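Each chain is listed here by its residues.
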Amino acid sequence: MSAKQIRMRRLFPKGRCVILPMDHPLFFGPMEGVEDPVVLVRDTAETPADGLLLTLATLRRVSGVIGQLGVIARLDGTATRLGSHLTRFQRFSSVEAALAGGADACVLNVYVGVENEDDLLRKLGETAEECERWGLPLFAEMIPAAALAGHFGPADTPPSEAELTEQVALAARVGAEHGADAIKTVYTGSAESFRQVTATATVPVVIAGGPCADTPVGLLEMTEAGLEAGAKGVIYGRNVWQRPNRKEILRALCAVVHEGTHAEDAAKRYAL
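Nothing here was measured: the structure is a model prediction, and the numbers come from that model.

Draft legend 1. Representation of the overall build of the protein. The number of helices and strands found in the protein is 12 helices and 10 strands. In summary, the protein has a C-alpha radius of gyration of 17 Å against a globular reference of 19 Å for 272 residues, a match within 12%. Dimensions of the protein, computed from C-alpha atoms along their principal axes, come out at roughly 45 × 45 × 45 Å. Counting the 272 residues in the protein, one finds 55% classified as buried. At a minimum sequence separation of 6, the contacts of the protein that also span at least 24 residues come to 68%. Per element, the accessible surface of the protein, about 11,800 Å² overall, is 49% carbon and sulfur.

This is how it looks when you write it as structure tokens:
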């Protein structure tokens, strides 16, 4: 078994994963729900969740309460909500630093179909080479242009499901072809359409949460449909920590992802 496989097993202990991302302040700054990362990580460690996605700086601050949670280190950013070039995500941490910091994997953002697509893909390919040398799995957050309207805030003109599906499938496969070991991307709207993404990605695909869903039950239903379509897990942030009952939501997500519990049953079990 390779070093990458060993580390991936920590994040996918049962073949699927429930990961809590908390790297949002890189772009948004202070946000409700992540004011105190130590409290958030302590709460998460008390659930069956599998891991966290965060910066190495935050990892150092929460290391004392992380428990058995796996770690995906964010290596890029540098754009904020106040900036004028929101897709210019550059690396600010190295693969070696991620390993030294205790990460089990790392993650990069890549926007497909934007003006600086070539720079972002070059970043992905070069980082994939480094990850291969060090034996560290690489997650690629592949976001197509069709999804960008709603990625940083409210959508202006949402794309059709067919258009979104075509672009998400393209982005996922491009990420794999550049060396990513797993793809994090947006849900396309239905199990039927998302199956077109997972069937051609060639590497595991996990669902990104995006802005807070209307209800926890809706989030669980989307999760169940995504798993039915072949997704290998979820990476949900705002949909978890911007709610007062975040531990119950994580437990319900783990029931759906790891136990195969139906969304409605999981919601009832945890009074969501």
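Having seen the structure, we can now continue with the description.
Draft legend 2. Just helix α3 (residues 37-45), in detail. All buried positions along α3 are accounted for by Leu40, Val41, Asp43 and Thr44. Viewed along the axis of α3, the buried residues span an arc of 160°, placing them on a single side of the element. With a side-chain oxygen lying 3.1 Å from the backbone nitrogen of Val38, the N-terminal cap of α3 falls on Asp36.

Draft legend 3. A look at the packing of helix α7 (residues 161-177) against helix α8 (residues 191-201). In the contact formed by α7 and α8, the axes pass within 9 Å of each other and the chain directions differ by 15°. Classed by the angle they form, the pair α7 and α8 counts as roughly parallel. Once α7 is placed against α8, the crossing between them reads as right-handed. Together, Glu161, Thr165, Val168, Ala169, Ala172, Arg173 and Ala176 of α7 and Ser193, Gln196, Val197, Thr200 and Ala201 of α8 make up the contact between the two elements. Partitioned by chemical class, the residues of the contact of α7 with α8 number 6 nonpolar, 4 polar and 2 charged.

Draft legend 4. View of α8. Of the positions making up α8, those classed as buried are Ala191, Ser193, Phe194, Val197, Thr198 and Ala201. The buried residues of α8 occupy one face: seen down the axis, they fall within an arc of 165°. In α8, the exposed positions that point more than 90 degrees away from the buried face belong to Glu192 and Ala199. Contact partners of the buried residues in α8: α7, β8 (182-185), β9 (205-208) and α9 (216-228).

Draft legend 5. Highlighting the pattern of salt bridges. The tally for this structure, following the rule as stated, stands at 15 salt bridges. Here Asp23 and Arg74 are joined by a salt bridge, their closest N and O atoms 2.9 Å apart. Residue Asp23 is found in the loop between β1 (17-21) and α2 (25-28), and its partner Arg74 is found in strand β3 (residues 70-74); the two are separated by 51 residues along the sequence. Classification of Asp23 as buried rests on a relative accessible area of 10%. One salt bridge in this structure joins Glu228 and Arg195, with 3.8 Å as the shortest N-O distance. Of the two residues, Glu228 is situated in helix α9 and Arg195 in helix α8; the sequence distance between them amounts to 33 residues.

Draft legend 6. Representation of the side chain of Asp76 within the structure. Topologically, Asp76 is positioned in strand β4 (residues 76-77). Looking at Asp76, the relative accessible area reads 0%, which means it is buried. Of the polar contacts made by the side chain of Asp76, one reaches the side chain of Arg74; its length is 2.8 Å. Within the structure, Asp76 has its side chain in polar contact with the side chain of Lys123 (distance 2.6 Å). Setting aside residues up to four positions removed in sequence, Asp76 forms contacts with Leu26, Phe89, Gln90, Arg91, Phe92, Val107, Leu108, Asn109 and Lys123.

Draft legend 7. Region of the structure containing the packing of aromatic side chains. Overall, the coordinates contain 4 aromatic pairs when judged by the stated rule. Consider the rings of Tyr187 and Phe194, whose centres lie 5.2 Å apart with planes at 50°: the pair is tilted. For Tyr187, a relative accessible area of 14% gives the class buried. Judged by its relative accessible area of 0%, Phe194 falls in the buried class.

Draft legend 8. Broad picture of the packing of α9 against helix α11 (residues 246-259). Running from amino to carboxyl end, α9 crosses α11 at an angle of 25°, the nearest separation of the two axes being 10 Å. If you check the angle between α9 and α11, you find them roughly parallel. Handedness of the α9/α11 crossing: right-handed. Along its contact with α9, which presents Pro216, Leu219, Leu220, Thr223, Glu224 and Leu227, the element α11 presents Ile249, Ala252, Leu253, Val256 and Val257. When the residues that make up the contact of α9 with α11 are grouped by side-chain class, the tally is 9 nonpolar, 1 polar and 1 charged.

Draft legend 9. Region of interest: the sheet that holds β8. An order of β1-β2-β3-β6-β7-β8-β9-β10 is seen for the 8 strands of this closed barrel, with the pairing classed as parallel. When the angles between neighbouring strand axes are averaged without regard to direction, this sheet yields 30°. Relative to strand β6 (residues 105-112), β3 runs parallel, the two sharing 3 bridges. For Ile72, the partnering residue across the bridge sits in β6 and is Ala105. Packing against the sheet, helix α6 (residues 117-134) makes contact with β6 and β7 (138-144), and its axis sits at approximately 160° to β6. Sheet strands touched by α7: β6, β7 and β8. Its angle to β7, the strand with the most contacts, is close to 150°.

About the thresholds
- Residues numbered from 1 in each chain as written.
- Predicted model: local features only at pLDDT ≥ 70, side-chain atom pairs only at ≥ 80, totals over all residues.
- Heavy atoms only, no water.
- Helix = DSSP H or I, 4+ residues; strand = E, 2+ residues; numbered from the N terminus.
- Rg over C-alpha atoms; globule rule 2.2 N^0.38 Å.
- Buried < 20%, exposed > 50% of the residue type's maximum accessible area, 1.4 Å probe, protein only.
- Contact = heavy atoms within 4.5 Å.
- Areas by Shrake-Rupley, 256 points an atom, 1.4 Å probe, with all protein chains shown as cover.
- Arc of directions from axis to C-beta.
- Polar contact = N/O pair within 3.5 Å; in protein donor to acceptor, adjacent residues only side chain to side chain.
- Axes fitted to C-alpha atoms, helices over the stretch in contact; angles between N-to-C directions.
- Parallel < 35°, antiparallel > 145°, perpendicular 65-115°, else oblique.
- Left-handed = near helix turned anticlockwise from the far one by under 90°.
- Nonpolar A, V, L, I, M, F, W, Y, C, P; charged D, E, K, R; others polar.
- Salt bridge = Lys/Arg side-chain N within 4 Å of Asp/Glu carboxyl O.
- Phe/Tyr/Trp six-rings, centres within 6.5 Å; stacked < 30°, edge-to-face > 60°.
- Pairing = 2+ DSSP bridges.

Bear in mind that shape data such as this cannot, by itself, settle questions of function.
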